[in-house]
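# Structure at a glance
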Amino acid sequence: VLQLMNAVDVRKEAELRWVEAEKDLEKALEEVKMVNTSLVDSKVAHEVAQEKSFNATSAANEAEEKAAIAEELLNHTRKSLLAQQHQLEKVRKFISDIEDKSRAFAADLAAAKSEVEMQSETVRNARE
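Residues numbered from 1 in each chain as written. Predicted model: local features only at pLDDT ≥ 70, side-chain atom pairs only at ≥ 80, totals over all residues. Heavy atoms only, no water.

## Brief notes about the pattern of salt bridges
The final tally for this structure, using the stated rule, is 10 salt bridges. Across the salt bridge formed by Glu 89 and Arg 92, the nearest N and O atoms sit 3.2 Å from each other. With Glu 89 and Arg 92 both in helix H2 (residues 42-127) and three residues apart, the pair spans about one turn of that helix. Residue classification places Arg 92 among the partly exposed residues on the basis of a relative accessible area of 49%. A salt bridge links Arg 103 to Asp 100, with the shortest nitrogen-to-oxygen separation between them at 2.5 Å. In this pair, Arg 103 and Asp 100 both sit in helix H2, three residues apart, roughly one turn of the helix. Asp 100 sits in the partly exposed class, given a relative accessible area of 39%. It is possible to trace a salt-bridge network through shared partners that takes in Glu 13, Arg 17, Glu 62 and Lys 66. (Salt bridge = Lys/Arg side-chain N within 4 Å of Asp/Glu carboxyl O. Helix = DSSP H or I, 4+ residues; strand = E, 2+ residues; numbered from the N terminus. Buried < 20%, exposed > 50% of the residue type's maximum accessible area, 1.4 Å probe, protein only.)

So this is what it looks like as structure tokens:
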């Protein structure tokens, strides 16, 4: 369960980074517009835009990779939990079987005790 919680946290963090990367990309595009209007040299403006776009894309790629890792961890955790649940069901069945046998034994013991008491009563009566 802790692994599942950690996987969910990692995935949330990756999603947040993805959103931040998208915001960075939007900011980069806005800055490109400002640079284009303020700079005469369009080549300089283009280089600045390329750098910001590359950084935003790199951040987005990193976030995507982390999301994929989180998804893989989440799937592994789900499989592990299903296996543990299966084992738990086996243990519950085993306990239930023991409880059933214990009840049967208690019933047999009570019947035997009753039989012994009846025989003891018969012996007492025979002695009297």
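## Concerning the environment of Glu 71
Assignment of secondary structure puts Glu 71 in helix H2. When the C-alpha positions of Glu 71 and Arg 11 are compared, they lie 7.0 Å apart, and in sequence the two are 60 residues distant. With sequence-adjacent residues up to four places away left out, Glu 71 is seen in contact with Arg 11 and Arg 78. (Contact = heavy atoms within 4.5 Å.)

## What about a nonpolar patch on the surface?
On the surface, Leu 88, Val 91, Phe 94, Ile 95 and Ile 98 cluster together into a nonpolar patch covering about 450 Å² of accessible area. Its place among the elements puts Ile 98 in helix H2. (Patch = residues over 30% accessible without salt bridge, like charges linked within 9 Å, V, L, I, M, F, W, Y side chains within 5 Å. Areas by Shrake-Rupley, 256 points an atom, 1.4 Å probe, with all protein chains shown as cover.)

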